[in-house]
Each structure stands twice: as structure tokens, then as C-alpha cells.
Amino acid sequence: MPHSSSSFSRFAMAIQHKMSLAILLALASLVGCAGIPKNTPYSGGKHITVGDGTEDMVLDDYGPSPRLLVSCTDRRHGADTAYFSGIVTYDLQSGKIDTMEIREYPVGLAFLPHGLDLLQVGDRLQLYAVCHDDKNKHHWIACFQVFEHQLYWIQNYHAGMLTSPNGVTALPDGSLYVTNDHLVRGSFKESFLKQRKAQIIRFEQDATHKVAYDGLAYGNGITSRNGYVYAAATTENAVYRFKIAPDGMLTEKTRIAKVHGPDNLRWDSEDLIVACHLRLVKFLGHAKDPKKYSPTTVYRIVPGSTKPIPLYADKSGKIISAAATGLLYKDRLYIGQVFENWIMEVQK
């Protein structure tokens, strides 16, 4: 979430400065909590150090050697560019780790990546990254062409209505859908009162844009497939499916799963994989202090079934706290999280 977690982290810091723990606990009761699954098929796990704040990641299996592209930003220090940020690759066969070189990016523009998407567009493999410059209250989506070790900047998508972008999904026709997690960035009122003020913004290839859907409570992870958009609403504890209308608007909102605190969404064949935040107050504590743990869960959402399948759970959060992304590759589950400098690899 700079946010999803980043917005989570930004929102956490705002609350910690403004509210006592007693008030936090009272408000948290409005959000609720959920039980921790038991006997999940994946357990334990090893840490793979890549870079601070591994909030999102995508699978790049277009080349000869499959790899993860990981969005890294030091979210505990916010927009301070003295700390590491960038896109890090993890080769799933060799285990090699590299930081991608960014070419042709506008001089002086911050690059603190957040949500990611990857799409083959014609003969080009393109990476889309949600970016934040909180100091200047500026947010955008950066588009790059992906090469082996380099990202060549193509264009930015920005609009005043991008108040707090979190996730992005790119479509083959060149359009994008972007979730705003808050109407007012970092608003604890919106989050704790479950106010449905978050939006999904549609960009055309020429960067013209409009609000495609208005009325989510903490819009978060987003993805698309076969004429539908899927979006997580964190404080609604729901994952929704929308039909893409001919004019690009999102219609026929349907809740496909109830999961507590959903974050990013990734595909595994026809199923969705979602990482979740089960204890909001503990997440807020972890945002400030890495020694304060926050429990983690990862679920599989099967189309046609409203009951998600637990894949992984860490009740204490000591193995991994604040998980933001779950991604399956062959027999392994990879989990990214919001604040620390590693991803986790888990086997059955």
C-alpha cells in the first residue's frame, strides 16, 4: 500500500499522530476482525532480500527465464528519496537479483513505485507502475517498455482525480483502470468509517480519463480479464467484479468473495490470489515499529464459489507481517509485504 500499503502506511502514521490507542481500538471495532485460517497447504517460508517495501510484484514469464518484477519503496520513511526505491527482479530459476535501470524517465520526477501491472502490447512488453510524489501532492501511472535489465520510459498518465492511486490494470486496447484508495489521501475517517468514496479511474491510451466507478470503501488491488474488471475494497472486506461497458464505464457490480482486508489481486490460471490484512490496529502498529507484528493471510478465490480457500496464514505475523501480494508459480507461493526489504518464498 507508498501506500497500499502505502496508503495504509501513510494513513497509519496520520492516525498514530492524531489518536490515542483507546480511540484506535474503539474505531477498529467498527472495521471488525476475522478469524485466522488453520491447516493451510502452505506454511513457513524463507525470506529473499530484494529491496525495501516489496508492496507489489508481477510475474514476467515472457522471456526464457521467468522472474518476478518487484515494486520497492521504503514506506516507513515515506517520500524521502535518500532511501531505496525501484523495480527489482528475482530470477525464479537462478535466484539472481537485479535492480532494473530506468532510462529516459523525466528528469527531476520522483520514482517511488507502488501497484504494478505487466502486459504484452503488440511486440512490446510494458510495465505500468503507480507512482507518488506526496511532497507535491502529485500522483501518476508510469508506463515503461521492459527489456532484460532496463525499463525505458514511454509515458505518464496523470489527472487531478488521481487523489490516492493504489492499483493499476492495463487492457489490450491500451486503456487502464486505476483504483483510488481514498478520495482524500490518507484519510483515517474514510477508512475507519468505511466511507464509500474511493473511485476507479479509466485512462484511454491517449491519457484522456474519466471516473468509471464511484463508491468503493478503500479501493485497493485491481486486475482485469475477458471484459471484466476485478477490484478489492479493503474496508468493505470484499472483492468485486465489474463488467466493462462499451463506453468504458464499470457496471454490474458483483461481490465474488468476502475476505477481510483484501489487498492486491493476482491470477493463477482462472483463479484469483489475494493477500489480506486481518487486524487493522496491528497493521498500524507494524507500520511504525517492525517489532510489532501484524497477521497475514493469503486466499484463493475460485470463480463461481463465494467461499475463498485459505492458502497461507501466519497468525502471529512473526514470519511475515502486512502481506500485500500473493503470487503462485508452479509449486511455490511468493508473498510480498508492505514495509520490510524482502519477499517470501513458501513451498507446500
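Shown above is the structure to which this text applies.
Before going into details, it helps to say that this report is about the structure given with it. Just so you know, these numbers come straight off a predicted model, no measurement behind them. Note that residues are indexed from 1 along each chain, following the sequence as it is written. Per-residue local features of the predicted model are confined to residues with pLDDT of at least 70, and side-chain atom pairs are confined, for both listing and counting, to 80 or more; whole-chain, interface and lining totals are unaffected and use all residues. Only heavy atoms go into the side-chain values, all of them from the structure, while hydrogens and water stay out.

Side note on the overall build of the protein chain
The helix and strand tally for the protein chain stands at four helices and 25 strands. Per-residue burial over the protein chain gives 59% buried out of 348 residues. As displayed, the protein chain has an accessible area near 14100 Å², and 50% of this comes from carbon and sulfur atoms. Think of it this way: any DSSP run of H or I at least four residues long counts as a helix, any run of E at least two long counts as a strand, and we number them from the N terminus. Only protein chains enter the accessibility calculation, which uses a 1.4 Å probe; a residue is then buried when its area is under 20% of its type maximum, exposed when over 50%, and partly exposed in between. Residue-level accessible areas treat just the shown protein chains as cover; the underlying method is Shrake-Rupley with a 1.4 Å probe.

A short note on the environment of Pro308
Relative to the helices and strands, Pro308 resides in the loop between strand E21 (296-301) and strand E22 (309-314). For Pro308, a relative accessible area of 15% translates into the label buried.

Notes on the sheet that holds strand E23 (residues 323-329)
Paired strands, in this sense, are two strands between which DSSP finds at least two bridges. Taken together, the four strands give an open sheet; going across it, the order is E1-E25-E24-E23, and neighbouring strands pair in antiparallel fashion. A strand with exactly one partner marks an edge of an open sheet, and here the two such strands are strand E1 (46-49) and E23. Across the sheet, the mean angle from the axis of one strand to that of its neighbour is 25°, orientation sign disregarded. Axis definition: a line fit to C-alpha positions, over the contact stretch in the case of helices; interaxial angles, taken between N-to-C directions, run 0 to 180 degrees.

Considerations on the environment of Gln145
Mapped onto the elements, Gln145 comes out in strand E9 (residues 138-146). Spatially, the C-alpha atom of Gln145 lies 6.4 Å from that of Arg124, the residues being 21 residues apart in sequence. The criterion used for residue contact is that any of the two residues' heavy atoms lie within 4.5 Å. Beyond its immediate sequence surroundings of up to four residues, Gln145 is in contact with Arg124, Leu125, Gln150, Leu151, Tyr152 and Ile154.

Looking at the packing of aromatic side chains
Whether two aromatic rings pair depends on their centres lying within 6.5 Å, for rings of Phe, Tyr and Trp, where Trp uses its six-membered ring; planes under 30 degrees apart make the pair stacked, over 60 edge-to-face, and the rest tilted. By the definition in use, this model includes 10 aromatic pairs. Lying across the ring of Tyr228, Arg241 places its NZ or CZ 4.9 Å from the centre. Distance and angle both matter: a charge sits over a ring if NZ of Lys or CZ of Arg is within 6 Å of the ring centre and within 35 degrees of the ring normal. When the ring centre of Tyr240 is taken as origin, the NZ or CZ atom of Lys253, which lies over that ring, is 4.2 Å away.

Here's the deal with the sheet that holds strand E17 (residues 238-244)
A sheet is described by the order of its strands in space; here four strands give the open sequence E15-E16-E17-E18, paired in antiparallel fashion. At either end of the open sheet lies a strand with only one pairing partner, and these are strand E15 (219-225) and strand E18 (250-258). Between one strand axis and the next, the sheet turns through 25° on average, direction left out of account. As defined by bridge partners, E17 adjoins E18 across six bridges and the pair is classed as antiparallel. When the sheet's bridge partners are listed, Arg241 is paired in E18 with Thr254.

Looking at the pairing of E17
When you tally the buried positions in E17, you get five out of seven residues, the bulk of the element. Here strand E16 (residues 228-233) runs beside E17; their pairing, made up of six bridges, is antiparallel. By the bridge assignment, Ala233 is partnered in E17 with Ala238. Hairpin connection from E16 to E17: four residues lie between these consecutive antiparallel strands, with Asn237 at a positive phi of about 55°. Taking the residues that link successive antiparallel strands as the turn, the E17-E18 hairpin has five residues, and the phi of Gly248 there is positive, at about 90°.

Some details on the side chain of Thr169
Within the fold, Thr169 resides in strand E11 (residues 165-170). On the basis of relative accessibility, which here comes to 2%, the residue Thr169 falls in the buried class. Reaching out from Thr169, the side chain makes a polar contact with the side chain of Ser224 at a distance of 2.8 Å. For Thr169, the residues in contact, after removing those within four places along its chain, are Asp117, Ser175, Leu176, Tyr177, Ile222, Thr223 and Ser224. Two N or O atoms count as a polar contact when they lie within 3.5 Å, although within protein this holds only if one can serve as hydrogen donor and the other as acceptor, and sequence-adjacent residues are included solely when both atoms are side-chain atoms.

Quick look at the nonpolar core
Counting residues in each nonpolar core, the largest one holds 17 residues, and the members touching the most others are Ile87 and Leu127. Taken together, the elements giving at least two residues each to this core come down to strand E7 (113-121), strand E8 (124-133) and E9. Beyond its immediate stretch of four places on either side in the chain, Ile87 contacts Leu69, Val70, Ser71, Asp98, Thr99, Met100, Phe111, Pro113, Leu116, Leu127 and Leu151. Core analysis: the second largest hydrophobic core is formed by 16 residues, Tyr177, Ala198, Ile200 and Ala212 among them. Side-chain atoms within 4.5 Å are what join buried Ala, Val, Leu, Ile, Met, Phe, Trp, Tyr and Cys residues into a set we call a nonpolar core.

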